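# Chain and residue survey
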Amino acid sequence: MDFSWSEMLLVGIVALIVIGPKDLPAMFRELGRITAKIRAMGREFSRAMEQAASESGVKDAVDGLKAVSNPTGAGLDAVKSAADRFEKWDPMKHPAVTAKPLTPPPVPAKAVAAADAAAPEPAAAAVGPATEALYEQKAARKAVMDEAAAKLKAISQPADAPAPRTPGRRRKKPASTGGEEA
């Protein structure tokens, strides 16, 4: 418990009034003896628990768990040092050097139109075997998806079903009288 000086003064004044000035020192002495006994019992209990833990091997297990849960043992120190280096890194001291610009310069529209008109249809660019295999896989997947979509469309719209009606309000057609209107 944490008492301020004003609270302790208030308790002292109340004790002085209730107990009286003659019995107050004896009461404080007795209170001091009781608290000393309680503290001694607490110390004795904690020593007995520590001794029992050391005899049963619990302390060794606790030390083992602390060693396993140590961040340096788990390799977290490397992550922390990398994070520290990243936070301390100044891009102005070590700018990234590129050999060529990341984006090509814009090409004027006239040059593109002239190049398209003058050049014949370009041949397919040479691709490696891995890229060719990816193109084939993509084409096969597209064919399977198109076939599945056609089957689902055929199932959802039977052949003898009327054409779907367009949404919206319809006007009634006037009854034809057989003659032309003027």
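Up top is the structure these notes are about.
Residues numbered from 1 in each chain as written. Predicted model: local features only at pLDDT ≥ 70, side-chain atom pairs only at ≥ 80, totals over all residues. Heavy atoms only, no water.

What follows deals with the overall build of the protein chain. Within the protein chain, the secondary structure is distributed over six helices and zero strands. Secondary structure elements of the protein chain, listed N to C terminal, follow the sequence α-α-α-α-α-α. Counting across all 182 residues of the protein chain, residues that qualify as buried make up 2%. When the accessible surface of the protein chain is totalled, it reaches about 17,800 Å², and 64% of it is carbon and sulfur. (Helix = DSSP H or I, 4+ residues; strand = E, 2+ residues; numbered from the N terminus. Buried < 20%, exposed > 50% of the residue type's maximum accessible area, 1.4 Å probe, protein only. Areas by Shrake-Rupley, 256 points an atom, 1.4 Å probe, with all protein chains shown as cover.)

As a further point, take helix α6 (residues 129-156). Here α6 spans 41 Å end to end across 28 residues, near enough to the 40 Å set by a 1.5 Å rise per residue. Judged by how many residues are buried, α6 sits mostly at the surface: zero of 28 residues are covered. (Expected span 1.5 Å × (residues − 1).)

Turning to the pattern of salt bridges, a few remarks are in order. As enumerated under the stated definition, the model contains three salt bridges in all. Taking the shortest distance from any N to any O, the salt bridge between Lys 142 and Asp 146 comes out at 3.3 Å. Placement of both Lys 142 and Asp 146 in helix α6 is noted, with a separation of four residues, approximately one turn of the helix. Judged by relative accessible area, Lys 142 falls into the exposed class, the value being 52%. The residue Lys 151 makes a salt bridge to Glu 147 at a minimum N-O spacing of 3.5 Å. (Salt bridge = Lys/Arg side-chain N within 4 Å of Asp/Glu carboxyl O.)

Read these as layout, nothing more, since geometry by itself doesn't imply function.
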